[in-house]
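# Observations on chain architecture
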Amino acid sequence: MIFIAVRFTVRPEHSDDWLSLVGPFTEATRAEPGNLFFDWSRGVENPDKFTLLEAFADDAAAVAHVQSDHFTAGLATMATAIAETPEIINVTIPDQSGWGPMAELAPQA
């Protein structure tokens, strides 16, 4: 599994409409056969910061993603709204499932 985390600092005038702005890119990526998840979150302390967590089944799926038309279009759209170059973490996780239970926390009755 290819796991990617990207932090975006958005210009304040685009913060409230960021998720709508990236909506077509998000929908198209989620529809890719090799996409496992593609989830956005907004910063609590800084509402101009957004984090994208995404994963792809394998290298081929990740390559197909960055070579897609919607990736190119998404980057062009995002470039008009970001305040600085995004930060990225990109790692390969050998276990294809990726997710596992958290040992330190469980629901209580």
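As a starting point, this report considers the structure included with it. (Residues numbered from 1 in each chain as written. Predicted model: local features only at pLDDT ≥ 70, side-chain atom pairs only at ≥ 80, totals over all residues. Heavy atoms only, no water.)

## Regarding the layout of surface pockets
Convention followed: For each structure, a 1 Å grid was placed over the protein atoms alone; sets of points admitting a 1.4 Å probe that cannot get out are labelled cavities, open sets with protein on both sides within 12 Å along at least five of seven lines are labelled pockets, and lining residues have an atom within 4 Å of a point. Grid points are joined across faces, edges and corners, and a volume is the space filled by probe spheres set on the points. Counting from the N terminus, the helices are the DSSP runs of H or I reaching at least four residues and the strands are the DSSP runs of E reaching at least two. Any residue that is not Ala, Val, Leu, Ile, Met, Phe, Trp, Tyr, Cys, Pro, Asp, Glu, Lys or Arg is counted as polar, Gly included; the first ten are nonpolar and the last four charged.
The space that makes up the largest pocket amounts to roughly 230 Å³. Taken together, 18 residues make up the lining of the largest pocket; nearest its centre are Val6, Glu54, His65, Phe71 and Ile88. Elements that contribute at least two residues to the lining of the largest pocket include exactly strand 1 (2-9), strand 3 (49-56), helix 4 (59-66), helix 5 (69-79) and strand 4 (87-92). A breakdown of the residues in the lining of the largest pocket according to their chemical character gives 15 nonpolar, two polar and one charged.

## Topic: the pattern of salt bridges
To keep things clear, this is the line we draw: We count a salt bridge whenever a side-chain nitrogen from Lys or Arg sits within 4 Å of a carboxyl oxygen from Asp or Glu. For every residue, the accessible area obtained with a 1.4 Å probe (protein chains only) is divided by the maximum for its type, and the residue is called buried under 20%, exposed over 50%, and partly exposed between those limits.
Scanning all chains against the criterion turns up three salt bridges. Between Glu87 and Arg7 there is a salt bridge whose closest N-O contact spans 3.0 Å. Pair noted here: Glu87 is in strand 4 and Arg7 is in strand 1, with a separation of 80 residues, a long-range link. For Glu87, a relative accessible area of 40% corresponds to the partly exposed category. Look at Arg7 and you get partly exposed, because its relative accessible area is 47%. Linking Arg30 and Asp39 is a salt bridge whose minimum nitrogen-to-oxygen distance equals 3.7 Å.

## A short note on helix 3 (residues 23-30)
Which entries qualify depends on this criterion: In this context, the arc is that of the directions from the helix axis out to the C-beta atoms. Pairs of residues are marked as contacts when any of their non-hydrogen atoms sit within 4.5 Å.
Within helix 3, the full set of buried residues consists of Gly23, Phe25, Thr26 and Thr29. Down the axis of helix 3, the buried side of the element spans an arc of 165 degrees, and every buried residue falls inside it. Those residues of helix 3 that are exposed and angled more than 90 degrees off the buried face are Pro24 and Glu27. Buried-residue contacts for helix 3 involve helix 2 (18-21), strand 2 (35-42), strand 3, helix 4 and helix 5.

## With respect to the nonpolar core
We count it as follows: By nonpolar core is meant a set of buried Ala, Val, Leu, Ile, Met, Phe, Trp, Tyr and Cys residues that side-chain atoms within 4.5 Å join together.
Within the largest apolar cluster, 19 residues are counted, with the highest numbers of intra-cluster contacts made by Phe8, Trp18, Trp40, Leu52, Phe56 and Met78. Put simply, the parts of the chain that give this core at least two residues each are strand 1, strand 2, strand 3, helix 4 and helix 5. For this core, the element with the most residues is strand 1, which contributes four residues. Ignoring anything within four residues of it in the chain, the contact list for Trp18 reads Phe8, Val10, Trp40, Phe50, Met78, Ala81 and Ile82.

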